Amino acid sequence: MTGKNRKNITIGAHVNVVLKNDQRTGKLTEGYVERILTNSQNHPHGIKVMLADGQVGRVQEILED
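This section reports on the structure supplied with the text. Keep in mind that what you see is a predicted model, and the values were worked out from it rather than measured.

1. Observations concerning the pairing of strand β4 (residues 56-62)
Working step 1: Note that strand β1 (residues 14-19) and β4 share five bridges and pair antiparallel. For V15, the partnering residue across the bridge sits in β4 and is I62.
Working step 2: The sheet contact formed by strand β3 (residues 48-51) and β4 spans three bridges and is antiparallel. By the bridge assignment for β4, V49 is matched with G57.

Rendered as structure tokens:
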């Protein structure tokens, strides 16, 4: 599932995000959502979240546990 719609993302969700520094390469970082930072209901580049380890990135896909 893609991370472009805020309603699909919940606190604690297992996700792949692209960090700001990795936007050119598209390298994905796996983690668990601690906070949802984007207020709008959708975003074309992915909803911005903070992972449990403090990293911030845009959700590219939501993983199934």
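2. Considering the sheet that holds strand β2 (residues 28-36)
Working step 1: Read once around its circumference, the closed barrel built from four strands follows the order β1-β2-β3-β4, with strand pairing classed as antiparallel. Across this sheet, the average inter-strand angle for adjacent strands is 70°, counted without regard to direction.

3. Structural notes on the environment of G57
Working step 1: Relative to the elements of secondary structure, G57 occurs in strand β4.
Working step 2: The exposure class of G57 is buried, given its relative accessible area of 3%.
Working step 3: Put simply, G57 and N21 are 36 residues apart on the chain and 9.3 Å apart in space, counted from C-alpha to C-alpha.
Working step 4: The residues contacting G57, other than those within four sequence positions of it, are V17, V18, L19, I47, K48 and V49.

4. Considerations on the side chain of N16
Working step 1: Position of N16 relative to the elements: it lies in strand β1.
Working step 2: In terms of polar contacts, N16 uses its side chain to reach the side chain of E61, at 2.8 Å.
Working step 3: Excluding its chain neighbours within four sequence positions, the residues that come into contact with N16 are L28, T29, E30, R58, V59, Q60, E61 and L63.

5. Overview of the pairing of β1
Working step 1: Counting buried positions along β1 gives six out of six residues, so the element sits mostly inside the fold.
Working step 2: A two-sided burial pattern is seen for β1, the buried positions comprising H14, N16 and V18 on one face and V15, V17 and L19 on the other.
Working step 3: Relative to β2, β1 runs antiparallel, the two sharing five bridges. When the bridges of β2 are listed, V17 appears paired with T29.

Cut-offs applied
Residues numbered from 1 in each chain as written. Predicted model: local features only at pLDDT ≥ 70, side-chain atom pairs only at ≥ 80, totals over all residues. Heavy atoms only, no water. Pairing = 2+ DSSP bridges. Helix = DSSP H or I, 4+ residues; strand = E, 2+ residues; numbered from the N terminus. Axes fitted to C-alpha atoms, helices over the stretch in contact; angles between N-to-C directions. Buried < 20%, exposed > 50% of the residue type's maximum accessible area, 1.4 Å probe, protein only. Contact = heavy atoms within 4.5 Å. Polar contact = N/O pair within 3.5 Å; in protein donor to acceptor, adjacent residues only side chain to side chain.

Take it as geometry only, folks, not as evidence of what the structure does.
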